[in-house]
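Here's the letter readout for the chains.
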Amino acid sequence: METKEQKLQTLSSLLKKSKSSASSTVRSAANGVTLPDDAGYINSNDGSAKDVDSAMDAVKTALAGFGVLAPTSTQQQVWNRSIPSNLYQAPKCAPSLTTIMPLSRVPPGAKIVGGGRQSDIDESNNDDRLVEVWKHSLTSNEENDNNQDLQHRPLQGNLSSKLSEYTRGKLGVRRPFKPGGMDDDDDNEYQEEDDNANSSGNEFLTEEATANARRALTLGSKKAWEEGILITSPPNMSFRVGLSYNDVFNDGDDLEMADNGDDEEEDEEDELATNVAALSVEDDIKGGSTSVHGNAFAVPSSTIWDKSYFDDDSLFGGESTSGSDSESDSDDSGDESNEEEKEANDERTVNARDESSSQAEQPSISPEDEVDSLLSEMNYTLQSPIDRAMAEKKPSSTKQSSASIHPPLSTNSTDEQKNAKNRKSWAVTDYIPLTDDADFHTLLPNPALTFPFELDDFQKQAILRLEKRQCVFLAAHTSAGKTVCAEYAVALAKKHCTRAIYTSPIKALSNQKYRDFRSKFGEDVGLITGDMQIGADGSCLIMTTEILRSMLYRGADLIRDIEWVIFDEVHYINDSERGVVWEEVIIMLPEYVNMIFLSATTPNTIEFSEWIGRTKRKPVHVIRTNYRPVPLSHHLWAGHKMHTIMEGRKGFDSKGYAAAAKALLPASKTDAKNKNKGNSTAGKPSPLPGKPATGSKLTSWQQQGGKQDWISLTRFLEKEGLMPTVTFSFSKKKCEEIANQLRSLDLNTAAERNLVQSFTIQTVARLSPKDQILPQVMNTVDMVKRGIGVHHGGLLPILKEMVEILFSRNLIKILFATETFAMGVNMPARSVVFNAIRKHDGVQFRELQPGEYVQMAGRAGRRGLDSVGTVVLCCFGDQPPPQTMLKNMLTGSSTKLQSQFRLTYTMILNLLRVEDMSVEGMIKRSFSEFATQRALTQNDYPKLLTRGTKTLLKLDEEFKKDIDSRIGAEDIEEYYAASSNVLSSAKELLSYILSSGGTGGGALVAGRLVLVTSARRHGYVRTPAVVLKPPVASSNNSTAGSEGNDGVVCIVLLPQSYTSTNEDRSDEPALGDLNHVGLHNHRFFAIHELSSDEILLVSNKKCKLDSKVFLKEKSSTKSIGRGSSLSNPFAGAKSMQRRDMDDPFAGMMARGKKGDDSARGGKPSVSQDSQVVDEVVTFLINAEETELNGGIDVLDLRDCAKNMHTGNSAVEFGGAFVRYEQNLAMLRHYRSHHHPNLETHYKAVDRREILRSRVGTLRRLLSNESLQLFPDFLQRKALLQSLGYVDENDTVCLKGRVACEVNTCEGLIVTEMVFGGLLSELEPTEIVAALSALIFQEKTDEEFDSELPERLVTICNGMKAIAIDLGSRQKDIGLPVDPLEYCATSLKFGLVHVVYEWACGVPFSSICELTDVQEGSIVRCITRLDELCREVRNCARVVGNPTLYRKMEMASEAIKRDIVFASSLYVS
C-alpha cells in the first residue's frame, strides 16, 4: 500500500503533467469528482488510454486520502448531530473518509481499505505496519446496526458541547462523563467489571485518556483548548480547517444536541447542573493579581463560576438569563479536596439509581390520580405561609383518609424542604480560612495598596474578595474601618487602569471623602456634584447617588470604564424620599461592574445581599462583624453625676438605673423615703409612656436643661478628660440656644486659640466684606475660638466645613449637632452626649430607634486614642426615661433595611426611552418585590404552570375524544357551570343567615334534609344528606377540614356506584365517629363534615333522629374543635357552670329492673341504633328518588332571616334568594342532573375546571399583574398618555423628552409651565424666583409680599392652578392623590421674595431680614435652584426655544455670586 508521501508525489507529478494539456479539466462537485470524457484528454502526449485511467485512479486515491472526495452512498455518517453554519469555518475540501493507524490497534469489525476486516486478518501477525481504515467503521459495525456499542466509541466532535451534555440534567447524573463516552440510554447501571475488562483493550479508556478527560472537566473548555487536550473538530473534518477559537467559545449556545427522544430529560436538562470547577484560594488570588490582558474586565479563569447553578432561582423562573460564558462562583475557599468531590458524585449517582429503581417498582398511576396529585401540589404551593404551617400541624389520621371516597393526596412538602436546604444562596457568608501556611500576606504577596497598620480579620476577608473581583457587602459598626475596603477598591481600579465610583448619600460627605482620597491617591481623584466637576477624568470619582443615576439613564461614556462602585452608608436606603435612588442604581448598573456596600450593622443584611445577588446574577459575599474597636460605656447624667447603665457587651445594669432615679428625686422626697423604706420604689421600673399617668410624671423625663445644667455638665466633661464631645440635639434652634448658654466658658488654650483664629481668618477671607459681618458668621467665629461649635442644616456651608475641620483637629472641644452630623460626617469624638432621646420624624414625635441610637452613639471612641467611648444621656427632670424604653434602645436590634421603592413620572419616562430595561422589569427587580419573586421561584411556580398547562391540554383532548361515553350527559359542562353558580349562591345565602350565629334561624338544625355536592373531596354530586350537627360559630371563615371552621356534620347517602375497597375494617371509624362508612338497606352511607360551599340545597323537610347515635360528643369535639385551641388555648376547658352540671355518678348503674332503660340512663340498645340508622337511610333513599323524579322542595330562607337584618341588607337578601331559586330550577332542567352515572362525568369536568382555575392563578402570579406597583404604573402611564407625554405605542413624545430633563423637582409641573408659555414672558429674575417654589421644602408663611411684581404673583398663581389640575387628573385615574395636598407639597412659596431680591443683586445680609428661614437653608435652596435652571435650559433646548434658553442662562448667572457659591474648603 502506498504511503502518504508516495501519494503526494504522484499527485504532484500528475498535476504538473496536466498543465501541458489545455483540454483536460477537472470539475469538482459537492458529492464527488466528475471526469471529462472528451477525446482531448485521452489523446494527450502521456501515452495510451490505459495509462491515463491508471493515473486518474491514482488521483482519486490521493484525493480520497486527503479528504477531498465526499463519502459514497454505502458509507454512514457518524456525526449524528446537526451543526449550525456559524459554528465552524467551512473547509475548502471535503473531509477524509479514511484514517491511518497501526494494524494492531484496529478494533474488531473495522473495515480496511482494500478489502477485509480486522477480524479476518491472522491474529498471529502482530506487526505494527500502518493500514488505511474507513472511519465510519470505527464507530458502527454491520453486526450492531443500532449503535449499541457506543460505550467504547472514541471521543469525536466538539468536547465543549459534550461537557454540557454530560454535566447537565438527569442525563449527566445517571451517566456521568466517562472518557470512552456515555452509556446507552437503555442501561441504568454501570457494568464496572465489564468496563475494567474492556478498558485494557480500548485505547480510548487508557489512563492517559482518562486523566486528560478529567483534566478537561476540571480546567474548563477554555483552558483545555489552550493546552491542546480538547478536541475542536467534528468527525470527518480536517483538524487544520476545523473550529477556530472564537467559533468554540463565542457561539456554543447554538449547538444542537442529538435528540434522544426523552422529553422528560430535555425538560429537566438544566435542573441538576453542577459546578465542576473547584480551585484553591491560592490559585484564585494569583489569578486575580495577575495583569489583565486585552479587556480590562476579563475575569481570571480561576474565578469563572457556573451561573446555571442558580438558574432555578432566576428572576423570571427556571430559565437562565446568563450567557454561555458564565462565571464560576468562588464562594468556597478552595479547600475542598478531590476526594470530597468524588464522594459527592458517587452519592448523586447512587441516589439517581435508587430513584430510578424506586420509580420502576412503583405501580402505574392512573391519569385521574396524576391530575389530583398535581392539583394537591398546586393547592399546597398556593397556600399562604400561615395556612401551610397550619396544614402541616394537622395530625394525619389514617382512619379519616381511608374512610373518604376520594382521600386527599399528600403534598411534596418534604421534597420542598430538602430543595430549600440544598438551594444555594446568592448571599455568601463563607470566609477564606487564614492559616500559618496560608496567611493573608502569603495569599496576597503583591497587594494593590498597603496600610501602615495591621488589618482586622474582616478587612482582610474583604480585600481578598476584592482581589478575586467579587461583590462585597461589609456591615460593621461606626468607625470600625470600613473605609479600608473602599480605598483598596480605588487602588485596584488604578492598577487595572479602570474607574472606581464612590457614592455618598449627601454632598457634605462627598466633599469630605474627596479631601481624604485626594490626600491618599493624589490628583487622580475627581468630584462630580450638581454645581461643579473636578478631575472628571480621574480613576476615582466621588459623587452622590443621584448623579450616578442620571449618568445611567443618559448612558454616559464613563460607565463603560467602571470596574467598582462603592455604596457608602447603604442603610440610607431606608430614607423615604431618596431611598429609591439606591435601588434604581443597583438595578441599572451593568453586569461587569462589581459593587461594594458599606453599611452599619443591620439585622437583614443577608436578605438584602440575597436581593442584590439575585438581581445582578452574581454572588455577594457578606462580611459582618459586631467587633467594635473601641467599646462603648453608656451612662445617665443625673444629680451632676454619671451613673453607668451598660458597659460593652454586658447587659443592662438595673442598679445604675436605680441610682440615677434616686439621684433625681427632690430632697424632700428623698428624706421621706429614707424614713419609710418599706414604701420605697426607687428601684422599680418607671411606667411606660403609653400607660396613663397624672401630673407631670409622664413628661418629667423629657424636660430640657437650663444654663447651669449645661455649664455643670461641660465642666464635668472637661475635668474627666472626656473631650472632644459631640452633643446631639434634634432641633436646630436648641443647638444654637445651648451653645449661646456657654458663652462664659473658654475650653481652648492660648495656643489653640491662635490656631483657630488663623484658620478662621483664612476662611472668612473667602467671603465678601459685606458677608464677613453676617451675624451667623461673627457668632460662629466667636464660638469656635472658645472651643465651642454648632453644626446643623441651617448653618452656612462654608461655616459647617470650617467647624468640621476644626473639630477634626481637636480645636473644638464640644460640638452641638443634629442627627445629620452622625450620618454625613465621619469624625469620631471621645464622648457623645444626648440632650434628648425623642425626635420629630416629619410626622410625629417618637423615641429614638435602636439603629438611630447606635449610629449616633458610635461616634464615641477614637481608634488608637481612646480605650473606651463614653455615651451620656442627660436627665434633667425628676425621673429618668422609662427603664423599658432605655433597655430597648440600648440592646434592641437595629433597623432593618426596607425598600422605599416607588414609581415616579420621571422614572417611567426614562425607562420607556431606554431599551435595556422596562418599567415592569424595574418593578420586578426592586427590593420591595424581592420576597414575592423569590417565593415564586422557590415554590416552583413556573414548573407547575408548565405541567399544569400540558396536563390541561391533555385533559381537553381526552374530553373531546370521550364524547361517545357521555351518552345522556352531553350537557355536563353546562351542568357543571350551573351547579357552580347554585353552590356559590347557596354559600352566600347561608353565610348571611349564619353570621348571627346558631343554626341560621333553623335552616341547618339537626335533622334538616339538604342536598350536597363534594365531587373531588368525597366523590358525590347532588346527593341527599341529613344534618347531624350545625356549624360552630367561629371568626375564621375557612373551609371544612381546616382548623376551627363553619363545617356542618351530616350523614350522607353515598352513590349507588360506591363499593367498599377495604376488606379489613378493624381500623375503620365506628358508628358515632367522623368519616364512618356504613351499609344499610343495600346502600352505603358516610358521616362527613362539609363546608357551606358544598351545600347545594336546603330542604323544608326534616328527619327525626337521635344525633348521638351517629355522632358522639367526644368525637365531635375532638374533630371539630381541635383547631379552635390554636386561637383559644382554653377552648377545650369546661366552664364552671358546665362543671356544676356534670353528674358525678354518670358512669354508675342505678338499681332497678334489668330491662328498664331509665335505669341505664336512657342509653338506647344496639338494636335500637340499627333501627334508627335504617330509618335515616330509608329517608335519604326516598329523598334521592324524589329529587330525581320531581325535585325536593326548597326551604324559604327568607323566613329564617326575618328577624336578623332589616333595611337594604334584607332587600338584597330577598333578591339573592329569588336568583338562587331561578338558578336551581335551571339546574334541574339539564339531562345530566338525572344521569345515573353523574358522579363520574362531574368529577372529570370538576377536575379539569379546577386545574384550569389553578393554571390561571399561576399564570397571573407569574405575570406583571401580580406586581404590587403594576396597577400604579398603569394609572400613571394613562395620565402620561392623556397629557401627551406618551403615545398609544408607549413611545415618549416631545413633552416626555422635556420631562426627562428635570430631576430636581416635580417634572410634570415644569413641563406644563414650559409648554404653557408661563416662563416666556418673564424676566430672568422673575423666572428664578418662581422656580424657587419647586425647590424650597420648609413650612413658612406663604403670603406674597406687596413688593413682588404683579406679573410674578400671577405666575405663582398659575403654577398653583397647574398643580391642582395635575392633582385632579391623578385623582380621576385612581391614584390616591388629593389635589390641594399635592399642590401644597409640590409648591412652597416661602422664599420667592428672597430669591427675587437675591437675583436682583441685593446683599445676602439684607435678604436674610426678609424671612425667618435660617441662612443655611437659603443657601441650600439657591444652590439647588441653579441646578434646576440648567435643567430648564436643557428643556428649552429640546423644545427649540432659544429665547427661553438665553433667559435661563442669565437667571443662573444672576444667582451665582458671593457667599451662596463660595468655594468649598475641602475642594480648594
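For every chain, the first residue of the written sequence is number 1, and numbering continues from 1 onward in sequence order. Whole-chain, interface and lining totals are the exception, using all residues; otherwise, since this is a predicted model, local features are given only for residues with pLDDT of at least 70 and side-chain atom pairs are given and counted only at 80 or more. Side-chain metrics rest on all non-hydrogen atoms present in the structure, leaving aside hydrogens and water.

A. The overall build of the protein, seen in detail. Helix and strand assignments come from DSSP, with helices taken as H or I runs of at least 4 residues and strands as E runs of at least 2, each series counted from the N terminus. A count of helices and strands for the protein gives 59 helices and 28 strands. Residue exposure (1.4 Å probe, protein chains only): buried if accessible area is under 20% of the type maximum, exposed if over 50%, otherwise partly exposed. Looking at the protein as a whole, 47% of its 1468 residues qualify as buried. For the protein, the exposed area adds up to about 72,000 Å²; of that, 48% sits on carbon and sulfur atoms. Note on areas: Shrake-Rupley with a 1.4 Å probe; residue coverage comes only from the protein chains shown.

B. Seen up close, the sheet that holds strand β18 (residues 814-817). For two strands to be treated as a pair, DSSP must find at least two bridges joining them. Sheet architecture is open: 7 strands sit in the order β15-β14-β22-β19-β16-β18-β17, paired in mixed fashion. The sheet terminates laterally at β15 (641-647) and β17 (788-791), the two strands that pair on one side only. Neighbour-to-neighbour, the strand axes of the sheet open up by a mean angle of 25 degrees, direction not taken into account. The pairing of strand β14 (residues 632-638) with strand β22 (residues 869-874) spans 6 bridges and is classified as parallel. Lines fitted to C-alpha atoms define the axes, with helix axes restricted to the stretch in contact, and inter-axis angles between N-to-C directions lie between 0 and 180 degrees.

C. Broad picture of the confidence of the model for the protein. Confidence along the protein averages 74 in pLDDT terms, with 68% of residues attaining 70 or more. A residue's pLDDT is the confidence the predictor assigns to it, expressed on a 0 to 100 scale. Across the protein, strand β11 (residues 562-567) holds the top mean pLDDT of 94, while helix α6 (residues 169-174) sits lowest at 35. In this model residues 70-93 is a low-confidence stretch, pLDDT under 50, and it forms 53 contacts with partners more than four residues away in sequence or in other chains. Of the regions scoring below 50 in pLDDT, residues 1034-1045 engages in 27 contacts with residues more than four places distant in sequence or in other chains. By the convention used here, residues are in contact when the closest approach between their heavy atoms is within 4.5 Å.

D. Region of the structure containing the packing of helix α22 (residues 545-554) against helix α23 (residues 579-588). α23 packs onto α22 with a crossing angle of 40 degrees between their chain directions and a minimal axis gap of 9 Å. Looking at the two axes, α22 sits oblique to α23. At the point where α22 passes α23, the crossing takes the left-handed sense. Contacts from T545, E546, L548, R549, L552 and Y553 of α22 reach α23 at V581, W582, E584, V585 and M588. All amino acids are sorted into three groups, where Ala, Val, Leu, Ile, Met, Phe, Trp, Tyr, Cys and Pro are nonpolar, Asp, Glu, Lys and Arg are charged, and the leftover types, Gly among them, are polar. Across the contact of α22 with α23, the residue classes tally to 7 nonpolar, 1 polar and 3 charged. Note that the term roughly parallel is reserved for angles under 35 degrees, roughly antiparallel for angles over 145, roughly perpendicular for angles of 65 to 115, and oblique for everything else. Two helices crossing with the near one rotated counterclockwise from the far one by less than a right angle form a left-handed crossing, whereas a clockwise rotation gives a right-handed crossing.

E. Here's a closer look at the environment of C1400. Turning to its location among the elements, C1400 is positioned in the loop between α56 (1392-1399) and α57 (1404-1407). Accessibility expressed as a relative area gives 43% for C1400, which makes it partly exposed. Placed 54 residues apart in sequence, C1400 and A1454 show a C-alpha to C-alpha distance of 7.3 Å.

F. Region of the structure containing the pattern of salt bridges. Any Lys or Arg side-chain nitrogen found within 4 Å of a carboxyl oxygen on Asp or Glu counts as a salt bridge. As enumerated under the stated definition, the model contains 40 salt bridges in all. R1231 is the partner of E970 in a salt bridge, and the nearest nitrogen-oxygen pair spans 3.6 Å. On the criterion of sequence distance, the pair formed by E970 in the loop between α39 (941-961) and α40 (972-994) and R1231 in the loop between α48 (1208-1228) and α49 (1238-1262) is long-range, its members being 261 residues apart. Taking the relative accessible area as the measure of exposure, E970 reaches 44% and is therefore partly exposed. Look at R1231 and you get exposed, because its relative accessible area is 53%. Salt bridges linked by common partners bring D956, E973, R1248, E1249 and R1252 together as one network.

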